[in-house]
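Descriptive structure summary
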Amino acid sequence: MNSQLNDDNAAVLVQDLTVAYKEKPVLWDIDLKIPKGVLLAIVGPNGAGKTTLLRSIMGLLKPAAGSVHIFGQSIKQQKHNIGYMPQRGNVDWDFPTNALDVVMMGRYGRLGWFKRPGKHEKKLALEALDRVGMANFADRQLNQLSGGQQQRVFLARALIQDAEIYFMDEPFVGVDAVTEKTIIQLLKELRNQSKTVVVVHHDLQTLTDYFDWVALLNVRQIASGPISDVLTDENLKLTYGGRSAFLTHNQSPQTEL
Amino acid sequence: MTEIISLNYTLIVVMIGAFILGITSGILSSFAVLRQQSLLGDVISHAALPGIAFAFLFFMTKHSLGLMIGAIISGWLGTFLVAMIVRYTTLTRDAAFGIVLSVFFGLGIVVLSYIQKLPSSEKAGLDSFLFGSASTILLSDIITMAIFASIIFIVIILFWKEFKLLSFDRHFMSSMGFPTERLDLMLTWLLVIGIVIGLQMVGVVLMSAMMIAPAAAARQWTSRLGVLVILAGFFGLISGGIGTLFSSYIPHLSTGPMIVISISVIMVFSLFFAPHRGVLWHWYKQREYQASIRANTMLVNMLLFSESATDPYHCHQLSALAAIGRGPAIKAMKELSNKGFVHNPKEDLWGLTPAGFNQAKRLQQSLDHDS
């Protein structure tokens, strides 16, 4: 792993990033370097700005100040190297289409304007559905998918983007244990293919099992780096404030690993 | 003789206009409804009224192109104001809709009533934009409508994939580098144009129905976007046809409201009778489901009863079985008997058949497994 970091080989380089809604800062002066090929969790309490950070890195939100570079270039230049899995709750799952069609949307960026998805895209989408264990659900209407299945469809759509860096917003929320295993296995596979994976996560119990890097966030950035370095009692206290006693108590045996 | 021909000619012109109106609003309503912007159509059509009135004052003519351009500008201005209110004030979207709709509509009415007092002979029929008046439609109006409609069709076909993704998941689309805001704007422009070409026929008050009903009806019958859009267009088209025919054969019925009533009938029928999504379908499925729960409970209860006796097929009195079950026992029994799971050797004596025994075992296992 690439723990010796300089700005050139960073997958993501965030400098002095401040984001505000109306006048309230949601992110304050974030400096974050994410090296290539890590599986990183963005962790913090509710309202810490985790999703906002993810969206700002991808250029979906205009920051009040600061800059973001992906593989040393602007987001626009790297748009085909970015894969994204948004929160499932953001879309209307009663939309009139099927699972296969949604997965194929992952190719729209590479297809560009006007071109319609064809045989090639369909083949890729079926392969991706197979990887997430949904091969038999290609023709299934969206409103007939369970929460876990919806999440798998979104993951398949991100996979088909064939990106170098993936951003995933709470992929484990509201899914069953089997789906959670499937998802984390695929994320680790991506990491092993030296892709970079950035995940908004909120379950401290699974943190050390699932991820190798972590960024602790609570409006300000508390710390980031390899889990073993960063996940200290003191940092958790800084991140979670008064509620940290409970968390550190549960977490301390794992941090010593 | 000439009267009949001219009547038919008028009818044909109105009919073509109604077809164009129906198809365009059907197609556009699909996107409006899927993007949860059904009420935007209401805002745009009301906001178009002052544009029509001012355009008349400016050109002093009822020529449709000038009035349409006025309507498009003020209709678009209305949506722009909604966006500004949402962005820069603490008001919510529905409040912004309400404000823009009533202010623009009120302004339109004021200017219209001013125009009524003018000595111009052209002014007659301008108030038909309120409720629509198909009889004032001329061939030149039809041509203008057709040109605008073609633009809408072409843009939607060209940007089909983009509009689909925009309607489903704009954040994802944006992450791939598509300019979602500009696409949003484009779709809103199409909506404005589509509404404006229908105003002369249906009027500002009823036009919003055309931006909701065709898609709401079509959604009941299909779960594919392509089919939905075509079906909505088709529903719009036939309601245009039916509305025109009714109002031409029955005196004193206006075309616009008849078109709206036709599409509403199609929508209500679809809401009730469509398979899978219809109200009746749900009701029937619910009953079927409850009946099957009752029957399964009965089957498992009979198994429990039988296990105490040495013979699993031992028959029991219905009243004894009803005591531990819920609901009308005889109904559940008859259903089970139809499936061959129970038999009824003597009056009031019921017992499991071998098939029923196996079924009950299976149910029991699945219940144990779940708990």
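Residues numbered from 1 in each chain as written. Chains lettered and ligands numbered in written order. Predicted model: local features only at pLDDT ≥ 70, side-chain atom pairs only at ≥ 80, totals over all residues.

Comments concerning the overall build of chain B
Across its full length, chain B carries 17 helices and three strands. For chain B, the C-alpha radius of gyration of 30 Å lies well beyond 21 Å, the compact-globule estimate for 371 residues. Structurally, chain B occupies a C-alpha span of about 100 × 60 × 35 Å along its principal axes. The buried share of chain B, reckoned over its 371 residues, is 43%. Sequence separation of at least 24 residues holds for 71% of the intrachain contacts in chain B that already meet a minimum separation of 6. (Helix = DSSP H or I, 4+ residues; strand = E, 2+ residues; numbered from the N terminus. Rg over C-alpha atoms; globule rule 2.2 N^0.38 Å. Buried ≥ 20, exposed ≤ 12 C-beta atoms within 10 Å, placed from the backbone. Contact = placed C-beta atoms within 7 Å.)

Let's talk about the interface of chain A and chain B
Every contact between the two is made by 18 residues of chain A and, on the other side, 18 residues of chain B. Put simply, the parts of the chain that give the side of chain A that touches chain B at least two residues each are β5 (82-85) and α3 (108-111) of chain A. Partitioned by chemical class, the residues of the side of chain A that touches chain B number eleven nonpolar, four polar and three charged. (Nonpolar A, V, L, I, M, F, W, Y, C, P; charged D, E, K, R; others polar.)

Describing the sheet that holds strand β3 (residues 349-352) of chain B
Residue and element names in this part refer to chain B. The strand order across the open sheet built from three strands is β1-β3-β2, with neighbouring strands paired in antiparallel fashion. Only two strands of the sheet have a single neighbouring strand rather than two, namely β1 (316-317) and β2 (342-346). One ladder, built from three bridges, connects β2 with β3; its direction is antiparallel. Directly across from V342, in β3, lies its bridge partner L352. (Pairing = 2+ DSSP bridges.)

Things to note about the domain arrangement of chain A
All names here are of chain A. The assigned domain composition of chain A is domain 1 (1-78 + 166-173 + 196-257) and domain 2 (83-163). Each side of the interface is counted separately: domain 1 has seven residues, and domain 2 has nine residues. Looking at the side of domain 1 that touches domain 2 residue by residue, the class counts come to five nonpolar, no polar and two charged. (Domains from an automatic or database assignment.)

So, the nonpolar core
Formed by 161 residues in total, the largest nonpolar core has its most connected members in L40(A), I42(A), V103(A), A156(A), V214(A), A48(B) and V196(B). M298(B), C315(B), L336(B) and L352(B) belong to the second-largest nonpolar core, a separate cluster that totals 14 residues. (Core = buried A, V, L, I, M, F, W, Y, C linked by C-beta atoms within 7 Å.)

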